[in-house]
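Coordinates in review
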Amino acid sequence: MTTRTSIFAAILLASAGVCAYLLFSYGLWFGRQDLIVRAVLFLLPILAALSGVWVLLRARIVALLFIPAILGGFGYFLYWMPRYSDSVLSIEMVEQRLITDSSSNALVEIGFAYPIFTPTVRLRNGELFSREIDVYLRMNDAEARSTLYRAVRDEVPPGTLSVEATVRGMLSENERYLFLPLRLAPGDEITGRLVFVITALDEGVSFMDELSRANLAQFELRDAAGGELLLEVPVM
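Reference entry: report on the structure contained in this document. (Residues numbered from 1 in each chain as written. Predicted model: local features only at pLDDT ≥ 70, side-chain atom pairs only at ≥ 80, totals over all residues. Heavy atoms only, no water.)

A look at the sheet that holds strand β4 (residues 120–125)
Applied cut-off: Two strands are counted as paired when DSSP detects at least two bridges linking them. Note on conventions: DSSP H or I runs of at least 4 residues are helices, E runs of at least 2 residues are strands, and numbering of each starts at the N terminus. Only the contacting stretch of a helix is used when fitting its axis, a line to C-alpha atoms as for every element, and angles between N-to-C directions run 0 to 180 degrees.
Reading across the sheet, the 3 strands line up as β1-β4-β8 and stay open at both edges, with antiparallel pairing between neighbours. Each end of this open sheet is capped by a strand with a single partner; those strands are β1 (89–95) and β8 (189–193). Put simply, the sheet's adjacent strands are angled 20° from each other on average, direction ignored. Relative to β8, β4 runs antiparallel, the two being bridged by 5 bridges. Bridging across to β8, Arg124 finds its partner in Glu189.

A few points about the pairing of strand β5 (residues 131–140)
The cut-off we apply is this: A simple rule labels every residue: compare its accessible area, found with a 1.4 Å probe on the protein chains alone, to the largest value its type can have, and call it buried under 20%, exposed over 50%, or partly exposed in between.
Across the 10 residues that make up β5, a large majority, 9, are buried. For β5 and strand β6 (residues 146–150), the ladder comprises 5 bridges, and the chain directions are antiparallel. In the sheet register, Arg138 faces β6, and the bridge partner there is Leu148. In sequence, β5 turns back onto β6 through a hairpin of 5 residues, with Ala144 there showing a positive phi of about 65°.

Overview of the environment of Ile91
Where we set the bar: We call two residues contacting when some pair of their heavy atoms lies within 4.5 Å.
Note on placement: Ile91 falls in strand β1. For Ile91 and Val135, which are 44 residues apart along the polypeptide, the C-alpha to C-alpha distance reads 9.8 Å. Among residues more than four places away in sequence, those in contact with Ile91 are Val121, Arg122, Leu123, Val135, Phe219, Leu221, Leu231 and Val233.

With respect to unusual backbone geometry
Cis geometry is adopted by the peptide bond preceding Pro181, which originates at Leu180 and carries an omega value of -5°. Mapped onto the elements of the fold, Pro181 is located in the loop between α6 (163–171) and β7 (182–184). Despite not being glycine, Arg58 shows a phi value in the positive range, around 55°. Take Arg58: it is sitting in the loop between α3 (35–57) and α4 (60–64). We classify Arg58 as exposed; its relative accessible area is 52%.

Side note on α3
Heads up, the condition is: One less than the residue count of a helix, multiplied by 1.5 Å, gives the span that helix is expected to have. What the bend at a residue measures is the angle between two axes, fitted to the seven residues ending there and to the seven starting there.
When the terminal C-alpha atoms of α3 are compared, their 33 Å separation across 23 residues agrees well with the 33 Å that a helix rising 1.5 Å per residue should span. Where α3 bends most, the angle comes to about 30°, and this point is Leu44, followed within four residues by the proline Pro45. Every buried residue belonging to α3 is among Leu35, Arg38, Ala39, Leu43, Pro45, Ala48, Leu50, Gly52 and Val55, and all of these are buried. A positive backbone phi angle near 55° is found at Arg58, which sits one or two residues after α3.

Here's the deal with the packing of aromatic side chains
Any aromatic ring pair is given by two values, namely how distant the centres are and how the planes are angled relative to each other. Note the following rule: Between the rings of Phe, Tyr and Trp (Trp by its six-membered ring), a pair exists once the centres lie within 6.5 Å; its type follows the angle of the planes, with under 30 degrees stacked, over 60 edge-to-face, and the other angles tilted. Remark: a charge is flagged as sitting over a ring if the NZ atom of Lys or the CZ atom of Arg is within 6 Å of the ring centre and within 35 degrees of the ring normal.
The full count for this structure, using the stated rule, is 8 aromatic pairs. When the centroid spacing of 5.1 Å and the interplanar angle of 90° are considered together, the rings of Tyr76 and Phe77 count as edge-to-face. The exposure class of Tyr76 is partly exposed, given its relative accessible area of 40%. Of the residues examined, Phe77 reaches a relative accessible area of 5% and is grouped as buried. Here the aromatic residues Phe30, Phe42, Tyr76, Phe77, Tyr79, Trp80 and Tyr84 are joined through ring pairs into a cluster of three or more. Over the ring of Phe179 we find Arg168; its NZ or CZ atom is 4.2 Å from the centre of that ring.

On their own, these measurements won't tell you what the molecule is for.
Written out as structure tokens, the structure is:
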């Protein structure tokens, strides 16, 4: 085996490793591409690795692996995924939690007389493509009056002095909290605490009591860009 052959094989194997790393690191971008583009990108590191091994070994069995690799890659993305993946979004509340600012023993002191509802949720993207999602909490009272709360955003408009901006600043260093929009590649699952600033309650009214008495209390998942409703799930 010549030095040139060894160098060429090493370049192919290194390229395979780099391609695999990039696909893993940029899963959100990868999940936005068409299925046929994903199939090609997925096959690049596999075929580069097989080519590197074949250059080194010149083994017939390695050459024969190209065909099942290609058929498997295109078959998975173009046949199996569209037909057999669950293709749904899901959100599940794991724990209810309320932060208040009315006591010196509060977990967070923000200086505003609003309860801060921080439910722990588990969110999974089972769809074929990446999603950027906003989460809302809708509550209907006994008189059928509806109130819609959006979870706190990661980026509040510059120069905005609001409860949302203050809460975002206070909680930004805590990795347990999730801020909008939530970005999920296909198959991704995240668990964390959403943050809702409850601004529509009368003074002295318990939010948890209102939540338990509500005729309707549900999470609404909406597309972050277009705003269309994707999923409604009751708050249990």
